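Letter by letter, the chains look like this.
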Amino acid sequence: QVQLGESGGGLVQPGGSQRLSCAASGRTLSSYTMGWFRRAPGKERELVAAIDRSGTITYYADSVKGRFTISRDNAKNTIYLQMNSLKPEDTAVYYCAASLVNWRRPPRTEDFGSWGQGTQVTVSS
């Protein structure tokens with residue numbers, strides 16, 4: 001499995017912005033569909049955004065569409081999640097994940113075989 005590490009979490013006020021990064025080691029990310037997941041207290045893990053290996057196809061959960069943007073820089077072996085207009089309900093641990101399964105919209109949770117350790121995002125005034 002590719003090793004993944006998230007960074008950029010923290011405390012932000014409602015309406016604010018934050019960018020998460022996920023850096024990979026061990027393997028190059030160009031072979032992987034990449035996703036950002038989140039798990040809020042008492043809730044199931046959910047896929048919030050995904051991007052295909054070329055960076056040309058994306059998917060967003062309805063709850064974040066228009067506010068979040070996923071991107072990738074294969075040369076830097078890194079993916080990003082730009083989060084704007086943050087809401088308290090966005091509070092969660094955010095995970096990046098990598099999949100070798102061919103692109104489908106939306107990707108399935110079970111497609112992702114490599115996971116980062118997560119980074120906490122707290123949206124509160």
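Scroll up a little and you will see the structure.
The rules behind these values
- Residues numbered from 1 in each chain as written.
- Predicted model: local features only at pLDDT ≥ 70, side-chain atom pairs only at ≥ 80, totals over all residues.
- Heavy atoms only, no water.
- Buried < 20%, exposed > 50% of the residue type's maximum accessible area, 1.4 Å probe, protein only.
- Helix = DSSP H or I, 4+ residues; strand = E, 2+ residues; numbered from the N terminus.
- Pairing = 2+ DSSP bridges.
- Axes fitted to C-alpha atoms, helices over the stretch in contact; angles between N-to-C directions.
- Polar contact = N/O pair within 3.5 Å; in protein donor to acceptor, adjacent residues only side chain to side chain.
- Contact = heavy atoms within 4.5 Å.

1. Overview of the pairing of strand β11 (residues 119-123)
Okay, step 1: Because side chains alternate across β11, one face comprises the buried residues Thr119, Val121 and Val123, and the other comprises Gln120 and Thr122, none of which is buried.
Okay, step 2: Where strand β9 (residues 92-99) and β11 come together, 3 bridges link them in antiparallel fashion. Along β11, the bridge assignment pairs Val93 with Gln120.

2. A closer look at the sheet that holds strand β8 (residues 78-83)
Okay, step 1: Taken in spatial order, the 4 strands of this open sheet run β1-β3-β8-β7, and their pairing is antiparallel. The strands lining the two open edges of the sheet, one partner per strand, are β1 (3-7) and β7 (68-73). Each strand of the sheet is rotated relative to its neighbour by a mean of 15°, with strand direction disregarded.
Okay, step 2: Sheet analysis places strand β3 (residues 18-25) next to β8, joined by 6 bridges and oriented antiparallel. Within β8, the position partnered with Ser21 by the bridge is Tyr80.

3. Here's the deal with the side chain of Thr78
Okay, step 1: For Thr78, the position within the fold is in strand β8.
Okay, step 2: With a relative accessible area of 10%, Thr78 lands in the buried category.
Okay, step 3: At a separation of 2.9 Å, a polar atom in the side chain of Thr78 contacts the main-chain carbonyl oxygen of Lys76.
Okay, step 4: Apart from residues lying up to four places away in sequence, Thr78 is in contact with Ser21, Cys22, Ala23, Leu29, Arg72 and Asp73.

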